[in-house]
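Each chain, letter by letter, is given below.
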Amino acid sequence: MLDSVSAILNALASGDASARQITEQSLEAIAQTDPKINAVTHVAAETALATADDVDRRRAAGQSLGALAGVPIAIKDLICTTDMPTTCASRMLRDFVPPYDATVIRKLRDADAVLIGKTNMDEFAMGASNETSVYGPTRNPWNHDRIPGGSSGGSAATIAAGQVPASLGSDTGGSIRQPASHCGITGLKPTYGRVSRYGLVAFASSLDQIGPMAWSAEDVALLLETIAGYEPRDSTSLDTPVPEYSKAIQSSDLRGIKIGVLRDGLEQDGLDESVQKSVTEAMQVFTDLGAEIVDVQLPHSQYWVPTYYVIAPCEASSNLSRYDGAHYGHRSDADIDPADGPLLSMYRHSRQEGFGSEVKRRIMIGTYALSTGYYDAYYNKALKVRRLIRGDYDAAFQQADLLLGPTAPTSAFALGDKLDDPIQMYLCDLYTVGANLAGIPAISIPAGLDDSGLPIGVQLQAPALEESRLLFAAAAFQSQTQFHQLRPGKP
Amino acid sequence: MPQYETIIGLEVHVQLKTDSKLFCGCSTRFGAPPNSQVCPVCLGMPGALPVMNRQAITLAVKAGLALNCNIPPMTKWDRKQYFYPDLPKGYQISQYDLPICADGFLDIDDPASEGDTRRIGLIRAHLEEDAGKSQHDETSGRNDSRIDLNRCGTPLLEIVSQPDLRSSAEAKNYLTELKLLLTHLEVSDCEMQEGSLRVDANINLHLDVDGKKIATPIVEVKNMNSFRAVERALDYEAERQYAHWEETGQTIKDAPKTTRGWDDSREQTFAQREKEESADYRYFPDPDLLPVRLPQSFIDQVRDTIQETPAQARDRLQTQHGLSAYDADVIVNQGAAILGYFESVADVSGDPKRASSWIQQDVLRTLKEQETSIEQFPIPAKRLGDLLGRVRSGDLDNNRARDVFAYLIENDTDVDSACTALGIEAVDSGEIESLCQKLLDDNPQVVQDVRGGKQQAVGRLIGQAKKVNPNANPQQVRETLLKLING
Ligand SMILES: [Zn+2]
C-alpha cells in the first residue's frame, strides 16, 4: 500500500519502487480524481518528476538522501513557492509567483520531498468549508456533495482522494484539524512558533501555524520533524531543539498518562450525537491503553469563538492592507471615479474586485474593531480574554497531560449549507480555536464514521511544545483502531 | 495690538546610522538606483516577516540616554495603518504607547540672552521604519507615478519635543544642538539634503487680549529642507497666524490642527492636502514582532559607550585646554571630527590656544575654499601639531609657519621636508648673535636710540637680518639685539 509516507519510504529504500514511479502514480491519481473533487490548484508535474529523477539518480549512486526523499507532498496555496504560483485561492493573487520559498518549502526541498502541487483552500484561509475559493469549492472525497472542511480542505481532500500521502496545511482557528476530521485523516496544528511562518501568507499572524496532514500520526511525526525548528527570519519562532518525533511515538503504553475531558463540551448544543459517541468511544480506547480519564474545566471556553472572531479579523484587516493594486497582485483597470481621483479609485476597485465576500466581511469587522472608539471595547478586551483562556489551559494542564474532545461539532455538511450563514460557519471552529488562542499544539485523529459513512475526528490538545506527547497518544490510539486505515469508496 | 507668544514644538526624524534596515538586511545607502536595495521583507511581500535590527535599538537607546530620557524596561512595536503607494504593507511599523525613550530634555543656548541656556523638554523618541518615495503627477493621469522603495524600512528615530520653544531662533538653536549631539554620538549623519534629518514643526500663538489668554489653531508645518527654512517658515507662520486671527478671530477651539507646507522659493507656507482626512491609524501591536525587553545591564552597557556630549566637550575645552567659552563653542560646534582634530593638534603642539586659533582661521578657511571635510584635509593633525610646536618653541615664526602650512596642503610630506623644500633651516643662536652684533656695529644710531628709550628702533634691523638670513626668526633676532644693546 503506497498511500502512507512510511510505506513509500520503505518501498523506495528496498527498491520495490522508484521515486519516478511514485510521482507518476501521484500525478495520475490527480488527473483521475481531481476533476471531481477540485483539491489541487496547480500541478507541478515537470519539476516534481525532475526531483524524483534526481532522487533516483542519487540513490543509485549511493549518495545520501533527505528524510522524505521521493515522497510526493502537496502544499496549501498560501505557502510561498518560487516555482509555483501562490494565490491564496484569491483573485487578488491569482498570478502571483513569489520571489522566494517559505522556510517549510526550503526544508522540504532539503529533505528531497517531491513537491507535487498546490492545494485549494478558502480564500486567504477564511472559511470552514472550502467554498470561498476563487477556483470553486473542493469536494469531500468521501461524498462529493459534502464539503471537505476548511480552510485546508484541499490539503485534506488531496490525501483522502489518494493523490498524495501527505500535505501541508495551515491552521488559524482549526483549519488543519477540522478538514482532517471531515476527510478521515490525521492533522496536527503545532505549537505557535514551532514551525516557521516565514513564507506563510498571513491571515492572522498571532494565530497562524503551518502543520502536517497525513493518514497516520506516524506520518505526521515524520513531516513535523522535517518542517519544525527555529528560524531567525521569524521573530515569533521558538528557539528550542526539535525532538525526534518519529522515535517518540514508538511505545503504545499510556499508563500514567492523564487525559482530561471537558464534560460541558460534550453536552454542547449543536454537537452531533455521532461525534459525541466517537469521543466517548475514544475515551474507552485510551482507558484500555492504560490512560486515566479526568474531568477538567476551561471556564472561559464559551468566549473562544467571540474572542477569535475579534482578534483574527483585526489582524487580517491589517495583514491584507498590502493588497492595494500598487505593487503586485490584482490591479483594477476600471475607470477612475472622479470623486476619488486615480489613487483612491485604484485602491477601491482593486480591492473590490480582488477580494471575495468573506474576506471583505472580515476586513470590515477588523477595521471596525480596531478603529478609534471601538479598540478598547473589542480588540483590547479580546486580548484580555485571550489571557484568561491561556490561564484556563495552564490550570487544566496541571490536572491532565492531554485534553480529549471533539474536533468539529458535526461530520462534513453539504455544500452550500452554511455559505449564507456566517455565524453558523464560524461555529464550526467551536472546539478548535482555543488551541490557537492559547498557542498550544493539537491534533485531530480519525475516530469513527457516522451513519452516512462520513469520517469523524477527535481532538487531542497538549501543553506548548508537547507535540511528542500528542503524537505518542495519537499513535497509540491508532495502534488499537482501524479508523485511520479506512478509505473513501472502500468498505 | 495684543502681545503674543509663539509656541513651537518640533518633531524631528533622524535616520539611524545602522548597517542595514530596521527589519531586514538591506542596505540603507543613499543615492542607489531606484528599487535596488529591497527584499521581500521591506517590500512587504506576502509571507515575509520583519526581524528587529539590534543595532537600531542600541543607537536609539544611546540617543535617548544622551537626551536625558528614561529608557523603559520594555518596548514594543505597533502597526500604524494607512494606505499610500510608498507604504507597501499598508501599514508602517512604529511605536505607539511604549516608545523606546521617554521624558527627556535638551539644553540649548538662549538666543535672547547670551551665556544663558534654555531647557527644552522632550516628550518621547520612538523608532519607526521609513516609507519609500513616490513621485506622481495626479493631474496628468494614472501612468505617471514612479515609486522608489529603497528607503522603505530605513530606521528612523522620531524625537518629539514639548511645545517649549518660543521663537524661530530657539527652534534653530534646538535643531543645531540636536544635530550636533546626534552626529557626535554617531547615532545619525543628520544630512538634511539626503533626508536623514527631517523636521516637522507644530506652531501656534498665545495672545494676551485684555488680560485673557487666547490660543490660535495649531498648524503643523512640513517640507522644510534646511534649518534656515525652518526659521523662515516659523517666522512666516507666526505672522500669518496673527494676521489670520486679526481677520477671523479664529482660536484653537474653533479649528482643528491643520497641515501646511513650506514653499522655499516663495517664502511662504501653503495649505496642504492631508494624506487622510481625520486619520484613524488603527494602531495595534504588531503580532509579527515580540515586545523587546531592555534589561538594565544592556542600558548600562550602552551608557558606557556614550562618548562625551558636545556640552561636556565645551566645558572640558575651557577647563582642560584653557580655551575661552567662545573658542570652545566654535571648535565643538564644528562637529566631532574637528573636535578630534583639534585635540590631537593641541596635544602634539602643546599649545591648545594656538591650535584653536589656527584651526578656526587657517584650517576652516581652507576647508571652505576647497569645499572639503576635515576627514579629507591634506594635513593630518599630528603634522599640524608638529608645525605649531615649532612655532611655540621659536624654531619658526608665524609667517614662515604659514608658508609651511601652504606647502603641506599642496604636498603630502612632513614638516622637516617642507622646511627643506622651502629653504628654511634651523639657525643656531650663535649664528644669530654674530649676525646681530654685526648689524649693531654697522648701525650705532640704533644702539643710541634704544638706549634713549626707543626700543622699537630695532625693528629696522630685523628686516635687514631677514635679508641676510631668511631663516632667522624675527622674534629671536629682536630679543638678541636688545640683549646685546642692553648688555
Ligand atoms: Zn529589505
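Residues numbered from 1 in each chain as written. Chains lettered and ligands numbered in written order. Predicted model: local features only at pLDDT ≥ 70, side-chain atom pairs only at ≥ 80, totals over all residues. Heavy atoms only, no water.

## Here we look at the pattern of salt bridges
As enumerated under the stated definition, the model contains 54 salt bridges over all chains in all. Between A:Asp3 and A:Arg487 there is a salt bridge whose closest N-O contact spans 2.4 Å. Placement of the pair is A:Asp3 in the segment before α1 (5-14) and A:Arg487 in the segment after α17 (467-480), with a sequence separation of 484 residues. Under the relative-accessibility criterion, A:Asp3 is labelled buried at 16%. Of the charged contacts, one joins B:Asp362 and B:Arg365 as a salt bridge, the two residues approaching to 3.9 Å between their closest N and O atoms. Placement of the pair is B:Asp362 and B:Arg365 together in helix α8 (residues 352-370), with a separation of three residues, close to one helical turn. (Salt bridge = Lys/Arg side-chain N within 4 Å of Asp/Glu carboxyl O. Helix = DSSP H or I, 4+ residues; strand = E, 2+ residues; numbered from the N terminus. Buried < 20%, exposed > 50% of the residue type's maximum accessible area, 1.4 Å probe, protein only.)

## Focus on the layout of surface pockets
Residue and element names in this part refer to chain B. The space that makes up the second largest pocket amounts to roughly 720 Å³. Around the second largest pocket, the lining is made up of 24 residues, and of these Lys179, Thr183, Gln334, Gly335 and Ala336 lie nearest the centre. The dominant element in the lining of the second largest pocket, judged by the number of residues it contributes, is helix α2 (residues 168-184), at five residues. The residue makeup of the lining of the second largest pocket, split by class, is eight nonpolar, nine polar and seven charged. Residue assignment places the lining of the second largest pocket across two domains, with domain 1 (3-297) and domain 2 (310-421) each supplying three or more. (1 Å grid on protein atoms, 1.4 Å probe; cavity = no way out; pocket = protein on both sides within 12 Å on 5 of 7 lines; lining within 4 Å. Points joined across faces, edges and corners; volume = space filled by probe spheres on them. Nonpolar A, V, L, I, M, F, W, Y, C, P; charged D, E, K, R; others polar. Domains from an automatic or database assignment.)

## Some words on the nonpolar core
Ranked by size, the top nonpolar core spans 234 residues in total, and within it A:Phe124 and B:Tyr174 carry the most contacts. For this core, the element with the most residues is helix α11 (residues 304-319) of chain A, which contributes nine residues. Aside from chain neighbours lying at most four places away, what touches A:Phe124 is A:Cys88, A:Ser90, A:Met92, A:Leu93, A:Val201, A:Phe203, A:Leu320, A:Tyr323, A:Phe355 and A:Val359. Ranked by size, the runner-up nonpolar core spans 37 residues in total, among them B:Ala313, B:Tyr341, B:Leu396 and B:Cys419. (Core = buried A, V, L, I, M, F, W, Y, C linked by side-chain atoms within 4.5 Å. Contact = heavy atoms within 4.5 Å.)

## A short note on the pairing of strand β1 (residues 3-15) of chain B
All names here are of chain B. Counting buried residues in β1 gives 10 out of 13 residues, a clear majority hidden from the surface. The pairing of β1 with strand β10 (residues 197-209) spans 12 bridges and is antiparallel. Within β10, the position partnered with glutamine 3 by the bridge is aspartate 208. Here β1 pairs with strand β9 (residues 155-161) via five bridges, running antiparallel. Bridge pairing links valine 14 to leucine 157 in β9. (Pairing = 2+ DSSP bridges.)

## Observations regarding the coordination of the zinc ion
All names here are of chain B. Protein coordination at the zinc ion comes from Cys24 (SG), Cys26 (SG), Cys39 (SG) and Cys42 (SG), with a distance range of 2.2 to 2.4 Å. The site at the zinc ion holds four donor atoms, and with the angles between them running 100 to 114°, its shape is tetrahedral. All donors to the zinc ion come from one chain, and their sequence spacing reads C-x1-C-x12-C-x2-C. Residue cysteine 26 is classed as buried on the basis of its relative accessible area of 11%. (Donors = N, O, S within 2.8 Å, 3.2 Å for Na, K, Ca; no water. Tetrahedral: all angles 85-135°; square planar, octahedral: opposite > 155°, others 65-115°.)

## Topic: the interface of chain B and chain A
Taken residue by residue, the interface counts 33 residues in chain B and 43 residues in chain A. Counting each side, the surface lost to burial between chain B and chain A is near 3,100 Å², with a carbon and sulfur contribution of 59%. Remark: the boundary between chain B and chain A carries one salt bridge. For the pair chain B and chain A, the interface holds 18 residue pairs in polar contact (both at pLDDT 80 or more). (Buried area = accessible area lost by both parts, 1.4 Å probe. Polar contact = N/O pair within 3.5 Å; in protein donor to acceptor, adjacent residues only side chain to side chain.)

## Remarks on the confidence of the model for chain B
Per-residue confidence for chain B averages 91 on the pLDDT scale, and 97% of its residues sit at or above 70. Scored by ipTM, the complex comes to 0.95, with pTM at 0.90. (pLDDT = per-residue confidence, 0-100.)

## Points about the sheet that holds strand β1 (residues 40-43) of chain A
All names here are of chain A. Read from one edge of the open sheet, 11 strands run β1-β3-β2-β4-β6-β5-β10-β11-β9-β7-β8, paired in mixed fashion. In this open sheet, the two edge strands, each paired with only one partner strand, are β1 and β8 (292-295). Averaged over all neighbouring strand pairs, the angle between strand axes comes to 30°, with direction disregarded. Where strand β4 (residues 166-170) meets strand β6 (residues 210-214), five bridges bridge the pair, whose relative direction is antiparallel. For leucine 168, the partnering residue across the bridge sits in β6 and is proline 212. Packing against the sheet, helix α14 (residues 376-399) makes contact with β7 (258-261), β8, β9 (402-406) and β11 (455-461), and its axis sits at approximately 110° to β9. (Axes fitted to C-alpha atoms, helices over the stretch in contact; angles between N-to-C directions.)

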